[in-house]
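Chain residues, written in single-letter form:
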Amino acid sequence: MPSWDARSYANCLRKLKRNEACIAFAKKQLEAVPDFAPLRNELGWALYDQYIKSSDIDEKTFFRTAEEIVRISDTGNRYSALKRTVFKVLDYCKNRPDPNYESMLNWLDQLPMDQLKEDEETFRAADGTDRALASEVERYYALKIECLLKLNQYAECCDAVDAAMAKVKKFHYDNDIWFKRSYAIALKHLDRASEAEGIYKQLLIKRKEWFMLKELAELYKCQGNTREAIRAAADAALAPGDVEKKVQLFALLAELLNQEGETDAAGRHISLSYVIRVEKGWTTPPRFMEQVKKYGIDIENLPSAITLYRSMIPYWEQCKYRGQELLKGRIESLLPNGKAGFIRASTGKQHYFKVASVTGPRHMIKEGKDVTFYLEEGYDSKKNQSTWNAVNIKFI
């Protein structure tokens, strides 16, 4: 059969969802014309639809088929099954309990970079709203940066972040933040602590996550700046997040406070970390139990984790705001949504605040109420600039 007729026939079989027949036919025809790319692409798509697209195929067949598609695909044809197959394999590998990052890097190398789409992918959801997904270029760099970081290839990770920041047109899922966070982590391991510190500070203005504050505290610790490490760690303890996920943070605070001679406070943090482990049924490492004994903690008479946590809040606030000026002012206005407003400080300056930053009953949050507060650098996304917001607001 002439080559183009064979390709057309294979295409018809595939559109009729007769993938197995298409695979058998295409392989037979390719014995005569092994280099005919259009027919090889039809075979690639039939293999994809039959063995890669399905979620219930066995792993051995899945990977063997993916490797076959890579082998037969025309890398110069942007409409081949190559890209979709590789991304499908990468998603499969990433979702494993123990991802093989070396293997994922090898699969990433199979992607033709000059053919990856730079524009975001859009679709209409079931509720009628238009949604946007990351471009192929953004997906590529998100996976590559993660793999390089996990494999401790820190210099290469920095290079990948630089390339991503230059090539990705529009970021999704806050990837611009997560990419830069990976950059900061890599810089720390490359002994470029001051650069990493600057990146963390900029990221935390835009997005304040407790785990990034913890990483900043660890960075300060490596630099020998214990007081700033305590401040950042206390800020992390106060930031939103599941208490049980902060168990290592509390142990870090205990270590830092012990270095500063604050042994009572250090012991309370060890107590909190211990109670969380017990309540969650987690094993307690022998080295941690040595800390419990060191601080003379009576493990039989400890309160609950949430009780301990709440009792520590005033202390963390003290650590966080130590050396900062406590300001006075008055709630000047509340926004219509009731979630935020503005405070007029006694200095005459106006500061934005979130209702969640107010300590006290919600019904007392009214215009004209006198308050005390601290200032914290934040980010105004509408104006695309940093700003100083009122936080830790308390009624006078």
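Let's shift gears to the overall build of the chain. For the chain, the count of helices and strands is 16 helices and 8 strands. Of the roughly 21,700 Å² of accessible surface on the chain, 48% is carried by carbon and sulfur atoms. One finds the centroid of the 62 positive side-chain charges in the chain at a distance of 4 Å from the centroid of its 57 negative side-chain charges.

Over its 14 residues, helix H11 (residues 210-223) extends 20 Å from the first C-alpha to the last, a length consistent with the 20 Å expected when each residue adds 1.5 Å. When we look at burial in H11, the residues that qualify are Trp210, Met212, Leu213, Lys214, Glu215, Leu216, Ala217, Leu219 and Tyr220. Against helix H9 (175-189), helix H10 (193-206), helix H12 (226-238) and helix H13 (247-259) lie the buried residues of H11. Of the residues trailing H11, Gly224 is marked for its positive phi of about 80°.

This part is about the packing of H9 against H10. Between H9 and H10, the shortest axis-to-axis distance is 8 Å and the interhelical angle comes to 155°. Here H10 runs roughly antiparallel to H9, going by the angle between their axes. Judged by the twist between their axes, the crossing of H9 over H10 is left-handed. Across the interface between the two elements, Ile177, Lys180, Arg181, Tyr183, Ala184, Ile185, Leu187 and Lys188 of H9 pack against Ala193, Glu195, Ala196, Ile199, Tyr200 and Leu203 of H10. For the contact of H9 with H10, the class distribution of residues is 10 nonpolar, no polar and 4 charged.

Turning next to the layout of surface pockets. There is about 520 Å³ of room inside the second largest pocket. For the second largest pocket, the lining is made up of 17 residues, of which Lys94, Ala142, Leu143, Glu146 and Trp178 are closest to its centre. Breaking the lining of the second largest pocket down by element, the ones donating at least two residues are helix H5 (82-94), helix H7 (136-150) and H9. Looking at the lining of the second largest pocket, the element that brings in the most residues is H7, giving 7 residues. Tallied by class, the residues present in the lining of the second largest pocket amount to 8 nonpolar, 3 polar and 6 charged.

Attention shifts here to the side chain of Glu42. Note on placement: Glu42 falls in helix H3 (residues 37-52). Each residue touching Glu42, except ones within four places of it in the same chain, is listed here: Arg7, Ala10, Asn11, Arg14 and Cys22.

The next thing to look at is unusual backbone geometry. Backbone geometry places Tyr173, a non-glycine residue, at a positive phi of 55°. Note that Tyr173 resides in the loop between helix H8 (154-167) and H9.

The next subject is the packing of aromatic side chains. Remark: the centre distance and the inter-plane angle together describe each pair of aromatic rings, the angle taken between the planes. Per the stated rule, a full pass over the model turns up 15 aromatic pairs. For the pair Phe62 and Phe63, a centre-to-centre distance of 5.3 Å together with 90° between the ring planes defines the contact as edge-to-face. Taken individually, Phe62 and Phe63 each receive the classification buried, so the pair is uniform in this respect. The structure contains a cluster of three or more aromatic residues connected by ring pairs, namely Phe62, Phe63 and Tyr92. In this structure, Lys206 packs its charged tip against the face of Tyr379, placed 5.1 Å from the ring centre. The ring of Phe288 carries the charged tip of Arg277 above its face, separated from the ring centre by 5.0 Å.

Attention now goes to a nonpolar patch on the surface. Residues Phe123, Leu133 and Tyr173 make up a contiguous nonpolar surface patch of roughly 290 Å² in combined accessible area. For Phe123, the position within the fold is in strand E1 (residues 121-124). Looking at Phe123, the relative accessible area reads 37%, which means it is partly exposed.

All right, on to the nonpolar core then. In this structure, Leu90 and Trp316 are the most contacted members of the largest nonpolar core, which totals 104 residues. In this structure Leu90 touches Met104, Trp107, Leu108, Leu111 and Leu143, once residues within four positions along its chain are discounted. Core analysis: the second largest hydrophobic core is formed by 13 residues, Leu327, Phe353, Ala390 and Ile393 among them.

About the thresholds
Residues numbered from 1 in each chain as written. Predicted model: local features only at pLDDT ≥ 70, side-chain atom pairs only at ≥ 80, totals over all residues. Heavy atoms only, no water. Helix = DSSP H or I, 4+ residues; strand = E, 2+ residues; numbered from the N terminus. Areas by Shrake-Rupley, 256 points an atom, 1.4 Å probe, with all protein chains shown as cover. Lys, Arg positive; Asp, Glu negative; His and termini not counted. Charge placed at Lys NZ, Arg CZ, Asp CG, Glu CD. Expected span 1.5 Å × (residues − 1). Buried < 20%, exposed > 50% of the residue type's maximum accessible area, 1.4 Å probe, protein only. Contact = heavy atoms within 4.5 Å. Axes fitted to C-alpha atoms, helices over the stretch in contact; angles between N-to-C directions. Parallel < 35°, antiparallel > 145°, perpendicular 65-115°, else oblique. Left-handed = near helix turned anticlockwise from the far one by under 90°. Nonpolar A, V, L, I, M, F, W, Y, C, P; charged D, E, K, R; others polar. 1 Å grid on protein atoms, 1.4 Å probe; cavity = no way out; pocket = protein on both sides within 12 Å on 5 of 7 lines; lining within 4 Å. Points joined across faces, edges and corners; volume = space filled by probe spheres on them. Phe/Tyr/Trp six-rings, centres within 6.5 Å; stacked < 30°, edge-to-face > 60°. Lys NZ or Arg CZ within 6 Å of the ring centre and 35° of its normal. Patch = residues over 30% accessible without salt bridge, like charges linked within 9 Å, V, L, I, M, F, W, Y side chains within 5 Å. Salt bridge = Lys/Arg side-chain N within 4 Å of Asp/Glu carboxyl O. Core = buried A, V, L, I, M, F, W, Y, C linked by side-chain atoms within 4.5 Å.

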